[in-house]
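Next come the chains, spelled out residue by residue.
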Amino acid sequence: MTSPPTDAVRLARAYLSRVAEPFPAALAALVVQVGPVEAAELVRAGEVSPSVASQTSARRAEERAHEDVERIAKIGGRLVIPEDDEWPRWPFVALANARRAGGEPLALWVRGPHDLAEAVDKAVAIVGSRAASGYGEHVAAEFAYGLAQAGVTVVSGAAYGIDGAAHRGALGAGGLTVAVLACGADFAYPAGHQGLLGKISREGLIVSEYAPGVMPARHRFLTRNRLIAALGGGTVVVEAGRRSGAKNTAAITLALGRQLMVVPGPVTSASSVGCHELLRDGQAVSVSSVAEIVESVGRFGDDLATEPAEKESELGAPQGEAMRVYEALGKRCGVSDEVVSVESGVPLERVRALLPELELAGLALQADEGWQKLEVR
């Protein structure tokens, strides 16, 4: 366990969270370079590069850090920062490595009684159309219910339609659900989900990059989608039109190297056109049960839809794409991730997401010359 961050660090990140619209790449780079406290001082003084100034100059006089921290605390919330043990480090590794998806947040405003890192340690995102059909809402709720019963946290965006059905399904099973908002964590949006969000704040978690009081805006929904994709070990798209926020989340999921799953719908349904396009293009796998979802994103050997004939180790052998990546690793010397991608036939971004998981499972080792296979015993 690391030492808790000082109040100065927390207040600096609270200040930066308000003065810059997510995701501020130049500001984030400055924070990495000099630390949050010095970065905040430089921003206040206007002594920053033009790229950082363009992201902060309009709001740098907004000195509301103490007020924001107190405001979230009054409603049972807190500011979670990268220096906290609660920070979901592993899910955000992919954000740091996938520039197209946007980077790691500067801070997160959180409501709810659970530890965020623990809550998303085993999680799946469920997203889809706001104008969902009865079929779509039924499937989303049933899948979320089953995932929650299996001990999997359900992540979604609290919107009408599929999102709301997913949150309700998880809560109905007495499980965990995380709602990622495109506004302040103190703001109930949409208004029709005030009761649902209240229940999530008591039994699950509400998460936002935006400081208290920040209103929802169209661009903020697209920005928050990267957090939904990052916090889930994979994403299930239940219904999606040809152009939709759900397809945006699907694209980010692929950029992060995470597993993308879709639920097929009636060929006559406009709500499923986007899902069928993802399947036709070979970007996603079809799922029709909770067991298939759990197997697609689960840990090696622990979450199979059907029991394997024999186990090779206590953890079990990797499955699917993970097995192909594992078999492509060098036995006596390391190989690069590019070589692994060519040898396995697995896309490079997916390889880069799977290799650290193999390492954590004790099946791979990153050496100076590249990645090396550790034999299962």
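Residues numbered from 1 in each chain as written. Predicted model: local features only at pLDDT ≥ 70, side-chain atom pairs only at ≥ 80, totals over all residues. Heavy atoms only, no water.

1. A closer look at the packing of helix H8 (residues 134-149) against helix H14 (residues 290-297)
Okay, so step 1: Running from N to C, H8 and H14 cross one another at 60 degrees; their axes reach a closest spacing of 9 Å. Here H8 is positioned oblique relative to H14, judged by the angle of their axes. The element H8 and its partner H14 pack so that their crossing is right-handed. Contact residues: Glu142, Phe143, Gly146 and Leu147 in H8; Val290, Ile293 and Val294 in H14.
Okay, so step 2: For the contact of H8 with H14, the class distribution of residues is 5 nonpolar, 1 polar and 1 charged. (Axes fitted to C-alpha atoms, helices over the stretch in contact; angles between N-to-C directions. Helix = DSSP H or I, 4+ residues; strand = E, 2+ residues; numbered from the N terminus. Parallel < 35°, antiparallel > 145°, perpendicular 65-115°, else oblique. Left-handed = near helix turned anticlockwise from the far one by under 90°. Contact = heavy atoms within 4.5 Å. Nonpolar A, V, L, I, M, F, W, Y, C, P; charged D, E, K, R; others polar.)

2. What about the domain arrangement of the protein chain?
Okay, so step 1: Taken domain by domain, the protein chain consists of domain 1 (66-297) and domain 2 (320-373).
Okay, so step 2: Taking the mean C-alpha position of each, domain 1 and domain 2 sit 29 Å from one another.
Okay, so step 3: Across the domain 1/domain 2 interface, buried area totals approximately 560 Å², and carbon plus sulfur atoms make up 46% of it.
Okay, so step 4: Scanning the region where domain 1 abuts domain 2 turns up 0 salt bridges.
Okay, so step 5: Linking domain 1 with domain 2 are 1 residue pair in polar contact (both at pLDDT 80 or more).
Okay, so step 6: Classifying every residue of the side of domain 1 that touches domain 2 gives 4 nonpolar, 2 polar and 2 charged. (Domains from an automatic or database assignment. Buried area = accessible area lost by both parts, 1.4 Å probe. Salt bridge = Lys/Arg side-chain N within 4 Å of Asp/Glu carboxyl O. Polar contact = N/O pair within 3.5 Å; in protein donor to acceptor, adjacent residues only side chain to side chain.)

3. Quick word on the pattern of salt bridges
Okay, so step 1: For the coordinates displayed, the defined rule picks out 16 salt bridges.
Okay, so step 2: A salt bridge links glutamate 83 to arginine 13, with the nearest nitrogen and oxygen atoms 2.9 Å apart. Pair noted here: glutamate 83 is in the loop between strand S1 (77-80) and helix H6 (89-97) and arginine 13 is in helix H1 (residues 7-19), with a separation of 70 residues, a long-range link.
Okay, so step 3: Taking the shortest distance from any N to any O, the salt bridge between glutamate 277 and lysine 247 comes out at 2.9 Å. With glutamate 277 in helix H13 (residues 273-280) and lysine 247 in helix H12 (residues 245-255), this pair connects stretches of sequence that are 30 residues apart.
Okay, so step 4: For lysine 247, a relative accessible area of 21% corresponds to the partly exposed category.
Okay, so step 5: Connected via shared salt-bridge partners are Glu21, Arg59 and Arg220. (Buried < 20%, exposed > 50% of the residue type's maximum accessible area, 1.4 Å probe, protein only.)

4. Some thoughts on H13
Okay, so step 1: Burial in H13 covers these residues: Gly274, Cys275, His276, Glu277 and Leu278.
Okay, so step 2: Packed against the buried residues of H13 are strand S7 (234-237), H12 and strand S8 (259-262).
Okay, so step 3: Of the residues trailing H13, glycine 282 is marked for its positive phi of about 75 degrees.

5. Some points on the packing of aromatic side chains
Okay, so step 1: Per the stated rule, a full pass over the model turns up 2 aromatic pairs.
Okay, so step 2: Their ring planes at 50 degrees and their centres at 5.9 Å tell us that tyrosine 189 and phenylalanine 221 sit as a pair that is tilted. Here tyrosine 189 is found in the loop between strand S5 (177-180) and helix H10 (194-203), whereas its partner phenylalanine 221 is found in helix H11 (residues 218-231), with 32 residues between them in sequence.
Okay, so step 3: By relative accessible area, which is 17% here, phenylalanine 221 ends up buried.
Okay, so step 4: We note arginine 130 situated over the ring of phenylalanine 221; from NZ or CZ to the ring centre the distance is 5.3 Å.
Okay, so step 5: For lysine 373, the ring lying beneath its charged end belongs to tyrosine 326, and the centroid distance is 5.0 Å. (Phe/Tyr/Trp six-rings, centres within 6.5 Å; stacked < 30°, edge-to-face > 60°. Lys NZ or Arg CZ within 6 Å of the ring centre and 35° of its normal.)

6. A look at the nonpolar core
Okay, so step 1: Core analysis: the biggest nonpolar cluster contains 36 residues, and Leu16 and Leu27 have the highest contact counts within it.
Okay, so step 2: Secondary structure elements with two or more residues in this core: H1, helix H2 (25-34), helix H3 (36-45), helix H5 (65-74) and H10.
Okay, so step 3: Here the element with the most residues in this core is H1; it accounts for 6 residues.
Okay, so step 4: In contact with leucine 27, not counting residues within four places along its chain, are Leu16, Ala20, Val43, Val52, Gln55, Thr56 and Leu106.
Okay, so step 5: The next biggest cluster of nonpolar side chains, apart from the first, holds 34 residues, and it includes Val110, Val180, Ala240 and Ala250. (Core = buried A, V, L, I, M, F, W, Y, C linked by side-chain atoms within 4.5 Å.)

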